[in-house]
Amino acid sequence: MQALSTLDAIAAALPIANVDTDKILPARFLKTITREGLGDKLFWSLRQDPGFMLNRAPWDQAGILIALDNFGCGSSREHAPWALLDFGIRCIIAPSIADIFHNNCFKNGILPIVLPHDAVTMLIDLASQPQTARLRINLPDQCIATTVADQVIRFDVDAKRKADLIEGVDEIARTLGYSAAIGQHQRRRHALQPWLDRQDARTAGI
Amino acid sequence: MTSTGKPRTLFRKVWDEHVVAELGGGAVLLYIDRHLVNEVTSPQAFEGLRLAARTVRHPQGTIAVADHNVPTEGRSGGVAAIAETESRVQVETLERNVAAFGIPYVPLRSRRQGIVHIIGPELGLTLPGTTIVCGDSHTSTHGAFGALAFGIGTSEVEHVLATQTLLQQPALSMLVRVDNRLGTGVTAKDLALHIIGTIGAGGATGHVIEYAGEAVTALDMAGRMTLCNMSIEAGARAGMIAPDEQVFDWLAATPLAPQGQDFEQAKAYWRTLRSDSGAVYDRTVVIDARAVMPMVTWGTSPEAVVTIDGATPDLTRIADGASRRQAEAMLAYMGLEAGQPIRGTPIDIAFIGSCTNGRIEDLRAAAAVIGGRRVAPGVRALVVPGSGQVKAAAEAEGLDRLFIEAGFEWREAGCSMCLGMNPDQLKPGQRCASSSNRNFEGRQGPGGRTHLMSPAMVAAAAVNGRIVDAREF
């Protein structure tokens, strides 16, 4: 994954709840077999409106997106974070974020931050004005600095995921280090439930 | 992991059984028994394996099928006959990848092809107490068998292919207990929509739901799969139901079910897969099944749902500004007025199918409502069986003829109009009565308007040309 430690970027506000991954990237753009080039398709239907925030300066350069509850709900498509990343978004802030999307963000070097409603509302107000839309996110210190003097918002993040994101760790390489433990688990499990090993889909007339 | 002696939930038992290593902070390396692979969310994962010169650790624990991006007619030509280049390339890419990595594959022309969440259970690959993942959020379907099953992203698909494990953060547990029985003509789909309407589209975020109670036990396997399938629409990581004799009987009829002594041994183990008395859930929601009515969504989130006797919201009664603006935007997108009764809303399209409601029981329920009636003038109606097996079973019962004579299109198996990806799509402004799972903006095609409901309600809407109460027909 791409490492992320600090981020100094324009924040764009999308004050909508239940922003689903179909809205972030419609299904017809999932026919690709690569990860790249989805930024132009991000929020396709909303982007058709020239007045949509991500079409206007300074938010067309946004690196942070702020939304309301249950951001990223619906389909598990990782194409949604790929599209956000391709556009330049490296951080999502919302009062709650859907599970699979939340996972997918970390896998792609995007920091999902969950904050209380009050803090999100305050950040949305700041992000809505060009002169206050810039935020500085510091992952090691777990804080967001705004352009308003002395106004710093702290956030929680899982310690392990934080360390992985700062390091930009290759998770598969690390898990392959557990290869022996996985093999041991597999053998123990298949001894207790031998029927699992005997299932072979190729015998089912597929 | 061994039991600590503390009463455990069903979820916890399956979780504990699969922990390979504790990674600190509650995170674990979780062993995955079954990995289902589709054409849409896997190409980049296989490419990642190739770039890093990695192999698939356990090909026999994996199965692949193309379901999302395939046409539901003109199948005799196989993959080569897929008209759209990008779609054909995606399915060909899957075929190349499964061949290169030695993964069992259900070809497009196989009589077993179908939506991955329908064919897993049909084959008997979905077993109680197993962990099942797929790069598709509706993997929660398999929880109906007492499996811990959930959707993952493509990076995780790659991780499972390479290691047969997943990094998992701890989940919270939620009990949804449904007391009493559902009324006549009220289905698992209505129950699922009722629950989502009650707890919200993000109401179960971070939780694994266990469904229990008289109404849940009384559901047939198709109904249980529908209920678990929709768990993700409440934000849940997974939905589960403790396996019982009905599950074992169902499995006994599948080609890959454990045989002979294995089956007896398996059943003895599976019977232990229930929450211990005194097990503590992080959250409990109690629903009275008698209060559940046929449900219809009016907006662009599954939580925007009312009973068939209900109406779209009165905006003046929504105090919170952001919520009011959102309801207003949903009504505008859906082309509905505030306070408008949902009953009587005219439809253009009727869609019966999807991993939520594309099983033989769903088709029978729809057929029963149609009787000898015909699809209303001006309405286009489709029935898309969830799998080749469902299609064959329906044809053996003569349901295909009933649907065709009524004016429905009778299609080949696939995800079809559940998502606007393959040729089956809504046109802008078209209003669809749909047995699928998501009413998001543009979900069934750009500008399309979706009303989620049960297959019986879709069938009733198809023949009446408008949304009606299927119980009255």
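Please read all numbers here as calculations on a predicted model, not as lab measurements.

Below, the discussion takes up the overall build of chain B. Counting secondary structure elements, chain B contains 16 helices and 19 strands. Radius of gyration (C-alpha) of chain B: 22 Å, near the 23 Å computed for a compact globule of 473 residues. C-alpha extents for chain B along the principal axes are approximately 55 × 55 × 45 Å. Looking at chain B as a whole, 63% of its 473 residues qualify as buried. For chain B, restricting intrachain contacts to residue pairs at least 6 apart in sequence, the fraction spanning at least 24 positions comes to 76%.

What follows concerns the overall build of chain A. Regarding its fold elements, chain A presents 9 helices and 7 strands. Judged by the C-alpha coordinates and their principal axes, chain A covers about 65 × 40 × 25 Å. Looking at chain A as a whole, 45% of its 206 residues are labelled buried.

All names here are of chain B. Between helix α13 (residues 360-370) and helix α16 (residues 455-464), the least distance of the axes is 8 Å, while the angle of their chain directions is 35 degrees. Viewed along their axes, α13 and α16 form a crossing whose handedness is right-handed. On α16, the residues touching Asp 362, Ala 365, Ala 366, Val 369 and Ile 370 of α13 are Pro 455, Ala 456, Val 458, Ala 459, Ala 460 and Val 463. A class-by-class count of the residues in the contact of α13 with α16 yields 10 nonpolar, no polar and 1 charged.

Right, let's get into the interface of chain A and chain B. Taken residue by residue, the interface counts 56 residues in chain A and 68 residues in chain B. For the side of chain A that touches chain B, the secondary-structure elements that each account for two or more residues are α1 (21-24), α4 (99-107), α6 (159-167), α7 (171-176), α8 (179-192) and α9 (194-198) of chain A. Residue contributions to the side of chain A that touches chain B peak at 5 residues, all from α4 of chain A. Grouping the constituent residues of the side of chain A that touches chain B by class yields 23 nonpolar, 15 polar and 18 charged.

On to the confidence of the model for chain B. With 99% of its residues at a pLDDT of 70 or more, chain B has an overall mean of 97. Scored as a complex, the prediction yields pTM 0.97 and ipTM 0.97.

What follows concerns the sheet that holds strand β19 (residues 449-452) of chain B. The strands that make up a sheet pair up through hydrogen bonds in the backbone, lying either parallel or antiparallel. Residue and element names in this part refer to chain B. The strand order β17-β16-β15-β18-β19 describes an open sheet built from 5 strands, whose pairing is parallel. Two strands lie at the open edges of the sheet, namely β17 (408-410) and β19, each paired on one side alone. Between one strand axis and the next, the sheet turns by 20 degrees as a mean value, whatever way the strands run. Relative to β19, strand β18 (residues 431-434) is paired through 4 bridges, and the arrangement is parallel. Paired with Ala 433 across the two strands is His 451, which belongs to β19.

For the rest of this paragraph, the subject is the environment of Glu 47 of chain B. Note that Glu 47 of chain B resides in helix α2 (residues 43-51). Distance in space between the C-alpha atoms of Glu 47 of chain B and Gln 444 of chain B is 29 Å, their sequence separation being 397 residues.

With that out of the way, let us pick up helix α15 (residues 399-406) of chain B. Residue and element names in this part refer to chain B. Residues of α15 that are buried include every one of Leu 399, Leu 402, Phe 403 and Ala 406, and no others. On an axial view of α15, the arc spanned by its buried residues comes to 95 degrees, and they lie on one face. Opposite the buried face of α15, at more than 90 degrees from it, the exposed residues are Arg 401, Ile 404 and Glu 405. On its buried side, α15 packs onto α13, β16 (380-383), α14 (388-397) and β17. Positioned one or two residues after α15, Gly 407 has a phi angle of 100 degrees, which is positive.

Residues and elements named next belong to chain A. Here 7 strands make up an open sheet; going across it, the order is β4-β3-β2-β1-β5-β6-β7 and the pairing mixed. Here the strands that pair on one side only, and so sit at the sheet edges, are β4 (111-114) and β7 (152-154). With strand direction ignored, the average angle separating the axes of adjacent strands in the sheet is 25 degrees. In this sheet, β4 lies alongside strand β3 (residues 91-94) in parallel orientation, the contact comprising 4 bridges. The partner of Ala 94 across the bridge, within β4, is Val 114. The sheet strands contacting helix α5 (residues 117-127) are β1 (6-14), β2 (64-67), β3 and β7, and the helix crosses β1 at an angle near 90 degrees.

What follows covers the nonpolar core. One finds Ile 66 of chain A together with Ala 350 and Val 458 of chain B to be the most contacted residues of the largest nonpolar core, which totals 217 residues. Element by element, the count of residues in this core is highest for α16 of chain B, at 8 residues. Among residues more than four places away in sequence, those in contact with Val 458 of chain B are Ala 350, Phe 351, Ile 352, Ala 366, Ala 433, Ser 434, Ser 435 and Met 453 of chain B.

Residue and element names in this part refer to chain B. Here helix α11 (residues 321-334) spans 20 Å end to end across 14 residues, near enough to the 20 Å set by a 1.5 Å rise per residue. The complete set of buried residues in α11 reads Gln 326, Ala 327, Met 330, Leu 331 and Met 334. Along the long axis of α11, the arc covered by the buried residues comes to 135 degrees, so they all point the same way. In α11, the exposed positions angled more than 90 degrees off the buried face are occupied by Gly 321 and Ala 332. Packing partners of the buried residues in α11 comprise β19.

We now examine the pairing of strand β10 (residues 207-212) of chain B. All names here are of chain B. Buried residues dominate β10, accounting for 6 of its 6 residues. For strand β9 (residues 172-179) and β10, the ladder comprises 6 bridges, and the chain directions are parallel. Directly across from Arg 177, in β10, lies its bridge partner Ala 212. The β-α-β motif built from β9, the intervening helix α6 (residues 188-199) and the parallel element β10 has right-handed crossover chirality. In terms of strand pairing, β10 meets strand β11 (residues 238-240) through 3 bridges, oriented parallel. Pairing of Ile 209 across the sheet is with Gly 239, part of β11.

Our next topic: unusual backbone geometry. For the bond running from Ala 57 of chain A to Pro 58 of chain A, omega is 0 degrees, close enough to zero to count as cis. Tracing the sequence through the fold places Pro 58 of chain A in the loop between α2 (44-47) and β2. Backbone geometry at Gln 164 of chain B places phi at a positive 60 degrees, although glycine is not the residue there. The topology assignment puts Gln 164 of chain B in the loop between α5 (154-163) and β8 (165-168).

About the cut-offs
- Residues numbered from 1 in each chain as written.
- Chains lettered and ligands numbered in written order.
- Predicted model: local features only at pLDDT ≥ 70, side-chain atom pairs only at ≥ 80, totals over all residues.
- Helix = DSSP H or I, 4+ residues; strand = E, 2+ residues; numbered from the N terminus.
- Rg over C-alpha atoms; globule rule 2.2 N^0.38 Å.
- Buried ≥ 20, exposed ≤ 12 C-beta atoms within 10 Å, placed from the backbone.
- Contact = placed C-beta atoms within 7 Å.
- Axes fitted to C-alpha atoms, helices over the stretch in contact; angles between N-to-C directions.
- Left-handed = near helix turned anticlockwise from the far one by under 90°.
- Nonpolar A, V, L, I, M, F, W, Y, C, P; charged D, E, K, R; others polar.
- pLDDT = per-residue confidence, 0-100.
- Pairing = 2+ DSSP bridges.
- Arc of directions from axis to C-beta.
- Core = buried A, V, L, I, M, F, W, Y, C linked by C-beta atoms within 7 Å.
- Expected span 1.5 Å × (residues − 1).
- Right-handed = clockwise from strand over helix to strand, strands pointing away.

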